[in-house]
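Okay, here's what each chain looks like letter by letter:
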Amino acid sequence: VTHCRGERRGCRFTMVAEDDVLLYDQELSVASGPESVLSTTFQVQDGNLPTFMDGALPTVQDTTISVLLVTNEGTQDSSPTIIVHGPCVNPVVKNITTGQEMAFTNSGGLTLLAGERLEIDVLSLTATKYDSSDEDSDASAYMATEFDWIFLDPGNNHLTLFDASPGELEAGLEVEYRNAWLT
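Residues numbered from 1 in each chain as written. Predicted model: local features only at pLDDT ≥ 70, side-chain atom pairs only at ≥ 80, totals over all residues. Heavy atoms only, no water.

Focus: the environment of Tyr130
Examined against the element boundaries, Tyr130 turns out to sit in strand S14 (residues 126–130). For the pair Tyr130 and Glu119, spaced eleven residues apart in sequence, the C-alpha to C-alpha distance is 7.8 Å. When near neighbours in sequence (up to four residues on either side) are disregarded, Tyr130 contacts Glu116, Arg117, Glu119, Glu135 and Asp136. (Helix = DSSP H or I, 4+ residues; strand = E, 2+ residues; numbered from the N terminus. Contact = heavy atoms within 4.5 Å.)

Looking at the sheet that holds strand S15 (residues 136–138)
Read across the sheet, six strands follow the order S4-S17-S8-S13-S14-S15 without closing on themselves; strand pairing throughout is antiparallel. The strands lining the two open edges of the sheet, one partner per strand, are strand S4 (29–34) and S15. Averaged over all pairs of adjacent strands, the angle between strand axes in this sheet comes to 20°, irrespective of strand direction. Bridge count for strand S8 (residues 81–85) against strand S17 (residues 172–177) is five bridges, and the pairing is antiparallel. (Pairing = 2+ DSSP bridges. Axes fitted to C-alpha atoms, helices over the stretch in contact; angles between N-to-C directions.)

Regarding a nonpolar patch on the surface
Together, Leu22, Tyr24, Leu123 and Leu182 make up an exposed nonpolar region whose accessible area comes to about 350 Å². Topologically, Tyr24 is positioned in strand S3 (residues 22–24). You can call Tyr24 partly exposed: its relative accessible area is 30%. (Patch = residues over 30% accessible without salt bridge, like charges linked within 9 Å, V, L, I, M, F, W, Y side chains within 5 Å. Areas by Shrake-Rupley, 256 points an atom, 1.4 Å probe, with all protein chains shown as cover. Salt bridge = Lys/Arg side-chain N within 4 Å of Asp/Glu carboxyl O. Buried < 20%, exposed > 50% of the residue type's maximum accessible area, 1.4 Å probe, protein only.)

Some words on the packing of aromatic side chains
Tallied over the entire structure, the rule returns one aromatic pair. Ring plane angle 80° and centroid distance 5.5 Å describe the contact between Phe147 and Trp149, whose orientation is recorded as edge-to-face. For Arg117, the ring lying beneath its charged end belongs to Tyr130, and the centroid distance is 4.2 Å. (Phe/Tyr/Trp six-rings, centres within 6.5 Å; stacked < 30°, edge-to-face > 60°. Lys NZ or Arg CZ within 6 Å of the ring centre and 35° of its normal.)

Here we look at the sheet that holds strand S16 (residues 155–162)
Strands belonging to one sheet form pairs held by backbone hydrogen bonds; the direction of such a pair is parallel or antiparallel. On the basis of which strands lie adjacent, the open sheet formed by four strands has the order S7-S16-S10-S11 and antiparallel pairing. Each edge of the open sheet carries a strand with a single partner, namely strand S7 (68–72) and strand S11 (100–103). Shown here is a sheet whose adjacent strand axes are inclined to one another by a mean of 20°, direction ignored. Note that S7 and S16 share five bridges and pair antiparallel. Opposite Leu68, over in S16, you have Leu159 as the bridge partner.

Here's what the structure looks like:
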């Protein structure tokens, strides 16, 4: 708008852009696996611990066993539903590929008994606990203060489930998802 000698002039622009549309597969894909566990690459050689010439032990390198492979065959991030089956205490789900992690350790931590489950719906941004009678309750208060919603990148995604009872590997991880494309 310009002001000149009492005259007022104006100009109006209207811009129209066609938005891309995110499409999801009609078919629901499901991947499931057991709770993850840490192991080590440390190996005994000839019945003795390996040492350096000065007698020091080499650095131990941890490795994760029971990683769930989930493949999004689309070209865009997919919003999965992640289901943790109990029993477990303070579950932590992580997409190793993206670094996104959700820990349910706040407010004393979340405990799932046998027959209970936690459903993390990334599309709806909700976390719901279901007891063995299928009664639901909001589990968002248990989410750690710093977390990332776990999306599935296009291609391979490696997910893990850890909890506060590593000696009891009874929990399970299930991921429901649809491949996603942008048109």
